[in-house]
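# Remarks on the overall topology
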Amino acid sequence: QVQLVESGGGLVQVGGSLRLSCAASGRAFSDHSMGWFRQAPGKERASVAAISANGGNTYYSDSVNGRFTISRDNAKNTVYLQMNDLKPEDTAVYYCAASSRYGRATSPQRNYDYWGQGTQVTVSS
């Protein structure tokens with residue numbers, strides 16, 4: 001089992017930045033690839049970014065590529081999502097997830113085994 005706790009969400013103005021953190025506990029964090037997902041009101045949850053178990057491979061959705069950066073610190077059992085140039089359409093609940101089955105960065109939700117509770121990000125215009 002892996003437990004995940006997100007933090008760092010909040011209210012930010014258009015063009016601002018936030019850094020989300022996801023702290024993991026339980027089974028070996030460094031064996032798991034990690035992903036960030038988001039769910040906006042009235043929409044399905046969607047992949048935002050993912051990172052391989054060793055941090056060497058990343059994936060970004062088209063909507064955030066060039067603005068968001070995923071990273072991980074395996075010594076701290078933490079994955080981060082740096083979000084820059086935020087837009088109103090980035091408003092959503094952001095979730096981190098861990099995959100015990102995939103070592104590479106992977107985007108489909110079905111590939112993830114453990115999920116955090118989510119943190120709200122609101123971008124105001």
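Coordinates for the structure precede this section.
The following refers to the structure shown. As the structure is a computational prediction, the values presented were derived from the model and not from experiment. (Residues numbered from 1 in each chain as written. Predicted model: local features only at pLDDT ≥ 70, side-chain atom pairs only at ≥ 80, totals over all residues. Heavy atoms only, no water.)

### Here we look at the sheet that holds strand β1 (residues 2-7)
One open sheet accounts for four strands, arranged β1-β3-β8-β7; its pairing is antiparallel. The open sheet is flanked by β1 and β7 (68-73), the only strands paired with a single partner. Put simply, the sheet's adjacent strands are angled 15° from each other on average, direction ignored. Note: strand β3 (residues 18-26) against strand β8 (residues 78-83), six bridges, orientation antiparallel. Its bridge partner lying in β8, C22 is registered against V79. (Pairing = 2+ DSSP bridges. Helix = DSSP H or I, 4+ residues; strand = E, 2+ residues; numbered from the N terminus. Axes fitted to C-alpha atoms, helices over the stretch in contact; angles between N-to-C directions.)

### Focus: the nonpolar core
L4, W36, L81, M83 and Y94 are the most contacted members of the largest nonpolar core, which totals 29 residues. For this core, the elements supplying multiple residues, two or more each, are β1, β3, β4 (33-39), β5 (46-51), β7, β8, β9 (92-99) and β11 (119-124). Counting five residues, the second largest nonpolar core, distinct from the first, contains A50, A97, A105 and Y112. (Core = buried A, V, L, I, M, F, W, Y, C linked by side-chain atoms within 4.5 Å. Buried < 20%, exposed > 50% of the residue type's maximum accessible area, 1.4 Å probe, protein only.)

### Focus on the pairing of β1
Side chains V2, L4 and E6 project from β1 onto a buried face, and the interleaved Q3, V5 and S7 project onto a face without burial. As judged from the six bridges shared by β1 and β3, these two strands associate in the antiparallel manner. Bridging across to β3, L4 finds its partner in A24.

### As for the environment of Q109
One can find Q109 in the loop between β9 and β10 (114-115). Residues Q109 and Q120 lie eleven residues apart in sequence; the distance between their C-alpha atoms is 19 Å. Each residue touching Q109, except ones within four places of it in the same chain, is listed here: F37, R45, A46 and W115. (Contact = heavy atoms within 4.5 Å.)

### Re the pairing of β11
Burial along β11 is one-sided: the residues T119, V121 and V123 are buried and none of Q120, T122 and S124 is. As judged from the four bridges shared by strand β2 (residues 10-13) and β11, these two strands associate in the parallel manner. Across the sheet, residue Q13 finds its bridge partner in β11, namely S124. One ladder, built from three bridges, connects β9 with β11; its direction is antiparallel. Looking across to β11, one finds that Y94 is bridged to T119.

### Here's the deal with unusual backbone geometry
At N77, a residue that is not glycine, the phi angle is positive and equals roughly 55°. Inspection of the secondary structure assignment puts N77 in the loop between β7 and β8. Assessed through its relative accessible area of 30%, N77 is described here as partly exposed.

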